[in-house]
Amino acid sequence: MKTMVVGTMLTLASVAAGQCVSVQQAQVSLDRWMYGFNSTPGVETSASTFGAISQAGFDDRDAQVLLGWNTAGYIPDGAASYLLRSVRITLYTSVSDRFFYDPTADSVVSLYSTSDPEYVADADPGRPVELYGAGYRNGMTAATFGETTAFAPVPPFPPQEGVRSVFAAVFDEAGNATDISRQVRQRFESTPMAIGMIPGLTGGERPNAGTAMSFQVDLSSATTRDYITRGLREGRLRFIVTSLEPASGGPGGGTGSPSYPAFYMRENLISPAFGATLDIDVVALPEFDVNQDGSLDQDDVVYLINVVGGGENPNGVDPDLNFDGNTDQDDISLLINVIAGGEYACP
Ligand SMILES: [Ca+2]
Ligand SMILES: [Ca+2]
Ligand SMILES: [Ca+2]
Ligand SMILES: [Ca+2]
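## Section: the overall build of the protein chain
So, point 1. Counting its regular elements, the protein chain contains four helices and 14 strands.
So, point 2. Summarising its shape, the C-alpha atoms of the protein chain cover approximately 75 × 40 × 35 Å along the three principal directions.
So, point 3. Taken over 347 residues, the protein chain has a buried fraction of 51%.
So, point 4. Within the protein chain, contacts between residues at least 6 apart in sequence are counted, and of these 72% link residues at least 24 apart.
So, point 5. Per element, the accessible surface of the protein chain, about 14,900 Å² overall, is 52% carbon and sulfur.
So, point 6. In the protein chain, 19 side chains carry a positive charge and 42 a negative one; their mean positions are 10 Å apart.

Put into structure tokens, the structure is as follows:
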């Protein structure tokens, strides 16, 4: 059993050059089983994730889980940049003795047909549960795709590939999403933001219901940092949890007992104790070059003093440098401190 923390615990501290925010166990704002035949979209008490490997009409990543946190209430949105120190998502399993814990990446070739010349057998039991960013199609965005929005703008029958409005994605340097939902048949590898880890469990073991699985986001990836930065600026962090464990039985599905993971959603009666949570340590940084001339110096102080005094702000940079909702002497003091070489130092 986890230690229950109801609500969100905040530690806020204004420091020399940014706002440090440390949030523990922020409850998920929306969670949604992204499965085309979901009869209770958005309000299911548990959501599974599995594959339909190379089955026509179904994505390889057939059932995915969308998780979202609306962060503007506890992390300043619209910051010029964010120094990401730690991002961790935690989910709780809702089934016992059903899926094999796999804490390492599996190559996509291990899901090819056994007759494929490039096929290599999976080296360890099970399939990792992976965390990716969310991509959108059909005109949807993080702002418009809510917890109960339709899976796709087309009917579920006959089943169609590549139509889900939100999907597990990887991103390029420009922030463009590539859907990885059909990566087995499209034959490409992908790197998740994190693999779900269960401390104390060995690979190949099967966890009990109520076991915490944590995804510690790999922040060494620039495209991952950019993705999270875009989400925090917008106040909407979105992730997709997905596994390529086949729905049942042998490759691609078929008969047999279920062997794929499932997790509690926030609508479960025992939520929030077993709802998804976010732990994040971040420093929100404003744009200090308020006069937008490319350098940080006394001219910026003069510019900001003028704005605080009611003068115009032709560059449009947010003058509320400490994110406290006011534009005043404190912001000028902060800017002077920064120009003098002050640095952020989070508690
Ligand atoms: Ca939900
Ligand atoms: Ca494996
Ligand atoms: Ca400047
Ligand atoms: Ca201020």
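## Observations regarding the domain arrangement of the protein chain
Reports often express the size of an interface as the amount of accessible area lost when the parts come together.
So, point 1. By domain assignment, the protein chain separates into domain 1 (9-284) and domain 2 (291-339).
So, point 2. Its C-alpha centre places domain 1 at a distance of 40 Å from the equivalent point of domain 2.

## Notes on the pairing of strand β3 (residues 30-34)
On a regular strand, each side chain points to the face opposite its neighbour's, so the side chains alternate between the two faces of the sheet.
So, point 1. Most of β3 is tucked away: five of the five residues are buried.
So, point 2. Neither face of β3 is open: one carries Leu-30, Arg-32 and Met-34, the other Asp-31 and Trp-33, and all of them are buried.
So, point 3. Of the strand pairs in this sheet, β3 and strand β5 (residues 64-70) are connected by five bridges, and their pairing is antiparallel. Counterpart to Met-34 in the pairing with β5 is Gln-64.

## Some details on the coordination of the calcium ion (ligand 1)
So, point 1. At the metal site, the calcium ion (ligand 1) is ligated by Asp-31 (O), Asp-31 (OD), Gly-42 (O), Glu-147 (OE), Glu-267 (OE) and Glu-267 (OE), and these contacts range over 2.1 to 2.5 Å.
So, point 2. Around the calcium ion (ligand 1) sit six donor atoms; with metal-centred angles ranging over 53 to 171 degrees, the donor geometry is irregular.
So, point 3. Expressed as a motif, the donor residue spacing for the calcium ion (ligand 1) is D-x10-G-x104-E-x119-E. Highlighted residues: Asp-31 in strand β3 and Gly-42 in the loop between β3 and β4 (46-48), separated in sequence by 11 residues.
So, point 4. The class of Asp-31 is buried, set by a relative accessible area of 0%.

## Things to note about the packing of aromatic side chains
Aromatic ring pairs: the centre-centre distance and the angle between the two ring planes describe each pair.
So, point 1. Using the criterion set out here, one finds 12 aromatic pairs in the structure.
So, point 2. Note on Phe-37 and Phe-157: the rings are 5.2 Å apart at their centroids and 40 degrees apart in plane angle, and the pair reads as tilted. On the criterion of sequence distance, the pair formed by Phe-37 in the loop between β3 and β4 and Phe-157 in the loop between β7 (129-136) and β8 (166-171) is long-range, its members being 120 residues apart.
So, point 3. Centroid distance Phe-171 to Tyr-227: 4.8 Å. Interplanar angle 40 degrees. Geometry classified as tilted. In this pair, Phe-171 sits in strand β8 while Tyr-227 sits in helix α2 (residues 222-234), placing the two residues 56 residues apart along the sequence.
So, point 4. Grouping aromatic residues by their ring pairs yields a cluster made of Trp-33, Tyr-35, Phe-37, Phe-50, Phe-58, Phe-157 and Tyr-260.
So, point 5. The aromatic ring of Tyr-112 is capped on one face by Arg-187, whose charged end is 4.2 Å from the ring centroid.

## Some details on α2
So, point 1. For α2, with 13 residues, the first-to-last C-alpha span of 18 Å sits near the 18 Å given by 1.5 Å per residue.
So, point 2. Taken together, the buried residues of α2 touch β6 (81-92), β7, β8, β12 (236-243) and β14 (277-285).
So, point 3. A positive phi of about 80 degrees marks Gly-235, the residue just after α2.

## Notes on the nonpolar core
So, point 1. Trp-69 and Ile-228 are the most contacted members of the largest nonpolar core, which totals 64 residues.
So, point 2. Within the second largest apolar cluster, 12 residues are counted, among which are Phe-288, Val-290, Leu-334 and Leu-335.

Rules of the game
- Residues numbered from 1 in each chain as written.
- Chains lettered and ligands numbered in written order.
- Predicted model: local features only at pLDDT ≥ 70, side-chain atom pairs only at ≥ 80, totals over all residues.
- Heavy atoms only, no water.
- Helix = DSSP H or I, 4+ residues; strand = E, 2+ residues; numbered from the N terminus.
- Buried < 20%, exposed > 50% of the residue type's maximum accessible area, 1.4 Å probe, protein only.
- Contact = heavy atoms within 4.5 Å.
- Areas by Shrake-Rupley, 256 points an atom, 1.4 Å probe, with all protein chains shown as cover.
- Lys, Arg positive; Asp, Glu negative; His and termini not counted.
- Charge placed at Lys NZ, Arg CZ, Asp CG, Glu CD.
- Domains from an automatic or database assignment.
- Pairing = 2+ DSSP bridges.
- Donors = N, O, S within 2.8 Å, 3.2 Å for Na, K, Ca; no water.
- Tetrahedral: all angles 85-135°; square planar, octahedral: opposite > 155°, others 65-115°.
- Phe/Tyr/Trp six-rings, centres within 6.5 Å; stacked < 30°, edge-to-face > 60°.
- Lys NZ or Arg CZ within 6 Å of the ring centre and 35° of its normal.
- Expected span 1.5 Å × (residues − 1).
- Core = buried A, V, L, I, M, F, W, Y, C linked by side-chain atoms within 4.5 Å.

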